[in-house]
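Residue strings, one per chain:
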Amino acid sequence: MNPNYSKMLEKEIEQLEKSGTVPKLLLHSCCAPCSSYVMEYLREHFAITVFYYNPNITAGEEYRYRLAEEKRLIEAYNRQVDEQNFEGMHSTERARRIEILEAPYDPERYLSLVKGYEDCPEGGDRCGICFEMRLRATAEAARAGGFDLFTTTLTISPLKNAPRLNRIGESVGHEYGVRFLPSDFKKKNGYKRSIELSRQFDLYRQNFCGCAFSRRDAERREQKTEEGSALA
Ligand code: SF4
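One structure accompanies this document, and this report is about it. Model, not experiment: these values are computed from the prediction.

### Points about the overall build of the protein
Within the protein, the regular secondary structure consists of eight helices and five strands. Helices and strands in the protein line up, N terminus first, as α-β-α-β-α-β-α-α-β-α-β-α-α. On C-alpha atoms alone, the protein measures out to a radius of gyration of 18 Å, which is about the 17 Å that the 2.2 N^0.38 rule sets for 232 residues. In terms of principal-axis extent, the alpha carbons of the protein reach across some 60 × 40 × 40 Å. Residues counted as buried form 38% of the 232 residues belonging to the protein. Sequence separation of at least 24 residues holds for 73% of the intrachain contacts in the protein that already meet a minimum separation of 6.

Have a look at this one:
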């Protein structure tokens, strides 16, 4: 049986509350909607720097748009902190400002790593390679930047395997000597809250994960649905 990663995170936070420490957390983020709840939840307990490393978003325009949305959301959250003007859960005077660190955009690296896995279904081996690429880069940047911990927003997605992400995070964290913060952010209504926040901040919510292959599969699904409704 898999550990309860959501409970593990709660325990970590309880310990922090008791010790009164505020660790430096490098938070890998895939996009603004997924990070919305995660940042809202964690900003009271950690000094967060968002790490934007997503060379798996193979179309440059899409990549830049998602990055711009991420920055817009961080600015909005930081305004809340500066003005002490909060709305919603996990938003108290203890919330902290959030920084962002942009990694270079290198889709060629992603494409070379997943060569031969282009036709894997979403959730299969291609995604495992993609998770490891992003978590490894985050662990490396966390070590270089002297962060206490690192983690990723990816566990908020009901389509992504949280135990797999946690196992990869622990393993690369061990390799780089930086602790991985366990999570299953979709639990405790986290996913639901991310949808509410996306509406509140009018965030762009894409209908595919990120790579050209997930876009192709999403388009095929849409086409099938359209064909189905035309026949009905
Ligand atoms: S579907 Fe998403 S997680 Fe899987 S390889 Fe593509 S971008 Fe990465």
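### Side note on the site of the ligand
Neighbouring the ligand are Asn56, Glu122, Arg126, Cys127, Cys130, Cys209, Gly210, Cys211, Phe213 and Ser214. For the shell around the ligand, the elements supplying multiple residues, two or more each, are helix 5 (125-144) and helix 8 (212-231).

### A look at the packing of helix 2 (residues 32-42) against helix 3 (residues 60-83)
Where helix 2 meets helix 3, the closest approach of the two axes is 9 Å, and the angle between their N-to-C directions is 25°. The angle between the axes of helix 2 and helix 3 places the two elements in the roughly parallel class. Between helix 2 and helix 3 the crossing geometry is right-handed. Facing Ala32, Ser35, Ser36 and Met39 of helix 2, the residues of helix 3 in contact are Arg66, Glu69, Glu70, Leu73 and Tyr77.

### Some remarks on helix 1 (residues 5-19)
Relative to the 21 Å expected for 15 residues at 1.5 Å per residue, helix 1 spans 21 Å between its end C-alpha atoms, a close match to the ideal helical length. Positive phi appears at glycine 20, one or two residues downstream of helix 1, with a value of about 75°.

### Some details on the pairing of strand 4 (residues 149-152)
Residues in a regular strand project their side chains so that they alternate between the two faces of the sheet. Judged from the four bridges that link them, strand 1 (residues 24-28) and strand 4 form a sheet pairing that is parallel. Considered in strand 4, the bridge of histidine 28 is made with threonine 152.

### As for the environment of leucine 181
By secondary structure assignment, the location of leucine 181 is in the loop between strand 5 (179-180) and helix 7 (190-200). Separated by 37 residues in sequence, leucine 181 and alanine 218 place their C-alpha atoms 31 Å apart. The residues contacting leucine 181, other than those within four sequence positions of it, are Leu9, Glu12, Leu25, Leu149, Phe150 and Thr151.

### Here we look at the environment of leucine 165
Here leucine 165 is to be found in helix 6 (residues 162-176). Classification of leucine 165 as buried rests on a count of 26 C-beta atoms within 10 Å. Residues leucine 165 and asparagine 4 lie 161 residues apart in sequence; the distance between their C-alpha atoms is 13 Å. With sequence-adjacent residues up to four places away left out, leucine 165 is seen in contact with Phe131, Thr152, Leu154, Thr155 and Lys160.

### A short note on the nonpolar core
The nonpolar side chains of soluble globular proteins are, as a tendency, buried together. If you look at the biggest cluster of nonpolar residues, it comprises 47 residues, and the most contacted ones within it are Leu25, Leu26, Val38, Ile48 and Phe150. At the level of elements, helix 1, strand 1, helix 2, strand 2 (47-52), helix 3, helix 5 and helix 6 are the ones that each hand at least two residues to this core. Once residues within four sequence positions are removed from consideration, leucine 26 is found in contact with Thr49, Phe51, Thr138, Ala141, Ala142, Gly145, Phe147 and Phe150.

### Structural notes on the sheet that holds strand 4
Strand order across the open sheet formed by five strands is 3-2-1-4-5, with parallel pairing between neighbours. Two strands lie at the open edges of the sheet, namely strand 3 (99-102) and strand 5, each paired on one side alone. Pairing geometry for strand 4 and strand 5, over two bridges, is parallel. Counterpart to phenylalanine 150 in the pairing with strand 5 is phenylalanine 180.

### Some words on helix 6
Given a rise of 1.5 Å per residue, 15 residues ought to cover 21 Å, and the 21 Å separating the end C-alpha atoms of helix 6 matches this to within 8%. Looking at helix 6, one finds that the buried residues are Ala162, Leu165, Asn166, Ile168, Gly169, Val172 and Gly173. What you see down the axis of helix 6 is that its buried residues fit within an arc of 165°, all on one side. When the buried face of helix 6 is taken as reference, the exposed residues oriented beyond 90 degrees from it are His174 and Glu175. Contacts from the buried residues of helix 6 go to helix 1, helix 5, strand 4 and strand 5. Looking at the residues trailing helix 6, positive phi occurs at glycine 177, about 70°.

Definitions and limits used
Residues numbered from 1 in each chain as written. Predicted model: local features only at pLDDT ≥ 70, side-chain atom pairs only at ≥ 80, totals over all residues. Helix = DSSP H or I, 4+ residues; strand = E, 2+ residues; numbered from the N terminus. Rg over C-alpha atoms; globule rule 2.2 N^0.38 Å. Buried ≥ 20, exposed ≤ 12 C-beta atoms within 10 Å, placed from the backbone. Contact = placed C-beta atoms within 7 Å. Near = placed C-beta within 6 Å. Axes fitted to C-alpha atoms, helices over the stretch in contact; angles between N-to-C directions. Parallel < 35°, antiparallel > 145°, perpendicular 65-115°, else oblique. Left-handed = near helix turned anticlockwise from the far one by under 90°. Expected span 1.5 Å × (residues − 1). Pairing = 2+ DSSP bridges. Core = buried A, V, L, I, M, F, W, Y, C linked by C-beta atoms within 7 Å. Arc of directions from axis to C-beta.

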